[in-house]
Protein chains: 2
Amino acid sequence: MIKVVLLGGGNVAFHLAKALLKASDVALIQVYNRSLKAIKHLEKETKITNKLNQLESADLYIISVSDVAIAEISKKIKNTSSLVVHTSGSVRMDLLKNHKRQGVFYPLQTFSKARKLSFQKIPVCLESNNNKDLQLLEKLARSISKDIYFIDSIQRQQIHTAAVFVNNFVNHLYHISTSICEKHQIQPEILHPLLKETTEKALKIPAFEAQTGPARRGDIETINKHLSILSDNHKEIYKLLSQSIAHTYGKKL
Amino acid sequence: MIKVVLLGGGNVAFHLAKALLKASDVALIQVYNRSLKAIKHLEKETKITNKLNQLESADLYIISVSDVAIAEISKKIKNTSSLVVHTSGSVRMDLLKNHKRQGVFYPLQTFSKARKLSFQKIPVCLESNNNKDLQLLEKLARSISKDIYFIDSIQRQQIHTAAVFVNNFVNHLYHISTSICEKHQIQPEILHPLLKETTEKALKIPAFEAQTGPARRGDIETINKHLSILSDNHKEIYKLLSQSIAHTYGKKL
């Protein structure tokens, strides 16, 4: 049985707590958050606290707070013989340097409290500064997910950057398309089947092959039509992405 | 029974032919393409031809060829009493001006021959220069899809532009994320669950609300970390999209 204390009450911690409570061979013995409100829903299932000097003794402390708060929380964990990990995609493991046994447990997904997620399908990126702890993390990870990766801090940084393209930027393009529709009294839902098929296709065939459209064809006439109806901000994005696509396929615009 | 001649052998025509052959109240009596090879698979189910002077007499001619070829094909259709439509998102209806009865039948989806698609779920944008023909188009459209919209040439241009953001640009971001992973010996599949959830979320809640990430938070430290590891081309895209996100949420970078 791995005894775990989870620190955090944000979106990742919310889903992680739920998964850990369901896992066999894992005992989530306490959840800390600076405000109790965000973790109050857990009080029937585990101990909750907002006091860092009242942390239970555990095998593993999982710090799942915003990047800027990780180092500070890490310093407040006085049990220095246990393994301490964070869940961030962009923070180096050695930020936890006040602990001899460090690690990272980074679930690669976009989390919001309102969305149900099966942790089983979430890729978890593991790292530790020693092999034994990596095995401990692997055991924990396999108890909640089927998709485990061993990833060092440098690779994790790359993955986090790629994730920004796939999530943050894609979502922003969705927002832009919605605002184009709404500006012209068109229901944005008209684009939903296209959105779905675009993503389903990319899961099946490499995006490089799936690419279509005026920029790939070098179809300047259509591109100019589109540019003529876009706002300045959207025009800039349209131009840059079209140039990047054209460049990828050896076309000139 | 609506007698239809389909002109074209590309990806849209390929899927449209299949759907029309299955539809009740529709007889696809002939398919034309300049090369027979692309339509040879249809010869057991309908007449095929590569000669524009041998077109059958029909109620409706559907021109489903590349944008630049539409006007030329339209002129070659000598039966000027029938309805003639094209299937393009970005070409105005009045390009068919040599025909008195004009229309547009624009299926809003990304088509490739290798992907199976249910036409039932594809939004079809209809337009005509007279109400009676719009009703004819609606009848045809309802026989193959459940998702019908009446859209004029100006709105269609907007939709087509929005579709470029949702399909071409999103796919290109997928390609960029794949190339970041491959450059650093990371399996691109690690991003697949994120890609899926990003899209599924956007189908449920407005993208404006779903937005997360460093640009939305105004988290310059993380943004700089990401920029430091990107190639120049990707850096430019990262910067511009981050600025656009920050701007959308009143943040400064």
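This write-up is about the structure you can find in this document.

Cut-off values and rules
Counting starts from 1 at the beginning of each chain's written sequence and moves along it residue by residue. Chains carry letters from A onward and ligands carry numbers from 1 onward, assigned in written order. In keeping with the predicted nature of the model, local features appear solely for residues at pLDDT of at least 70, side-chain atom pairs appear and are counted solely at 80 or more, and the whole-chain, interface and lining totals rest on all residues. The side-chain figures draw on all heavy atoms in the structure; neither hydrogens nor water molecules are used. Pairs of residues are marked as contacts when any of their non-hydrogen atoms sit within 4.5 Å. Two parts placed together each lose some accessible area; with a 1.4 Å probe, that loss summed over both constitutes the buried area. Here, a salt bridge means any side-chain nitrogen of Lys or Arg that lies within 4 Å of a carboxyl oxygen of Asp or Glu. Polar contact is defined as a pair of N or O atoms within 3.5 Å, subject to the rule that within protein one atom must be able to donate a hydrogen and the other to accept it, and that residues adjacent in sequence are counted only when both atoms are side-chain atoms. Numbering goes from the N terminus for both helices and strands, where a helix is a DSSP run of H or I of at least four residues and a strand is a run of E of at least two. When residues are grouped by polarity, Ala, Val, Leu, Ile, Met, Phe, Trp, Tyr, Cys and Pro land in nonpolar, Asp, Glu, Lys and Arg in charged, and all others, Gly among them, in polar. Only a pair of cysteine sulfur atoms within 2.5 Å counts as a disulfide in this structure description. When accessible area is computed with a 1.4 Å probe and restricted to protein chains, residues below 20% of their type maximum are described as buried, those above 50% as exposed, and intermediate ones as partly exposed. When the copies are overlaid, the least-squares fit takes in C-alpha atoms only where the residue has pLDDT of at least 70 in both copies. Only Phe, Tyr and Trp rings take part, Trp by its six-membered ring, and two of them pair if their centres are within 6.5 Å. Stacked means planes under 30 degrees apart, edge-to-face means over 60, and tilted covers everything else. A pair of strands counts as paired when DSSP detects no fewer than two bridges linking them. Working convention: axes come from line fits to C-alpha atoms, limited for helices to the stretch in contact. Angles between N-to-C directions cover 0 to 180 degrees. Buried and open spaces are told apart on a 1 Å grid over the protein atoms alone, a cavity being a set of points where a 1.4 Å probe fits but cannot get out and a pocket being an open set with protein on both sides within 12 Å along at least five of seven lines. Residues with an atom within 4 Å of a point are the lining residues. Grid points are joined across faces, edges and corners, and a volume is the space filled by probe spheres set on the points.

Taken residue by residue, the interface counts 83 residues in chain B and 83 residues in chain A. Interface area, chain B with chain A, both sides summed: about 8200 Å², of which 68% is carbon and sulfur. Interface area lost by chain B to chain A is led by Arg115(B), Phe165(B) and Ile190(B), which between them contribute 9%. There are 2 salt bridges connecting chain B and chain A. Taking the shortest distance from any N to any O, the salt bridge between Glu197(B) and Arg115(A) comes out at 2.9 Å. Put simply, chain B and chain A have 35 residue pairs in polar contact (both at pLDDT 80 or more) between them. Those elements giving two or more residues to the side of chain B that touches chain A turn out to be α4 (153-183), α5 (192-204), α6 (207-210), α8 (220-229) and α9 (232-248) of chain B. No other element matches α4(B), which puts 24 residues into the side of chain B that touches chain A. For the side of chain B that touches chain A, the per-class residue count stands at 39 nonpolar, 32 polar and 12 charged.

What follows is about the state of the cysteines. Applying the stated criterion across every chain yields a total of 0 disulfides over all chains. Among the cysteines around Cys181(A), which has no disulfide bond, Cys125(B) carries the closest sulfur, lying 9.7 Å off. We classify Cys181(A) as buried; its relative accessible area is 0%.

Right, let's get into the relation of the copies chain B and chain A. Expressed as a screw operation, the relation of chain B to chain A combines 0.0 Å of axial shift with a rotation of 180°, fitting to an RMSD of 0.0 Å. Between the two chains, the operation in question is that of a two-fold axis. Looking at the rotation axis and the C-alpha trace of chain B, the residue lying nearest is Val170(B), at 2.8 Å. Interface overlap between copies is the fraction of interface residues in one copy that are interface residues in the other; for chain B against chain A it reaches 100%, indicating a shared surface.

Per the stated rule, a full pass over the model turns up 10 aromatic pairs over all chains. Ring-pair connections join several aromatic residues into one group, and the members of that group are Phe165(A), Phe169(A) and Tyr238(B).

Let us now look at the sheet that holds strand β7 (residues 124-128) of chain B. Residue and element names in this part refer to chain B. As summarised here, the arrangement of the 8 strands in space is β3-β2-β1-β4-β5-β6-β7-β8, forming an open sheet in which the pairing is mixed. Of all strands in the sheet, those with a lone pairing partner are β3 (47-49) and β8 (148-150), marking the two edges. The mean inter-strand angle of the sheet, taken between neighbouring strand axes irrespective of direction, is 25°. With 6 bridges joining them, strand β1 (residues 2-7) and strand β2 (residues 26-32) adopt parallel strand pairing. Residue pairing in the sheet places lysine 3 in a bridge with alanine 27 of β2. Helix α3 (residues 131-142) rests against β1, β2, β4 (60-63), β5 (83-86), β6 (102-107), β7 and β8 of the sheet, and its axis sits at about 160° to β7. Seen against the sheet, α4 touches β5, β6, β7 and β8 and runs at an angle of roughly 20° to β6.

What follows concerns the layout of surface pockets. By volume, the second largest pocket is sized at about 1200 Å³. Forming the walls of the second largest pocket are 42 residues, and the residues nearest its centre are Val12(A), Val65(A), Ser66(A), Asp67(A) and Arg217(B). Every element with two or more residues in the lining of the second largest pocket is listed here: α1 (11-22), α2 (70-76), β6 (102-107) and α4 (153-183) of chain A together with α7 (214-217) of chain B. Element by element, the count of residues in the lining of the second largest pocket is highest for α4(A), at 5 residues. Residues that form the lining of the second largest pocket fall into these classes: 17 nonpolar, 18 polar and 7 charged.

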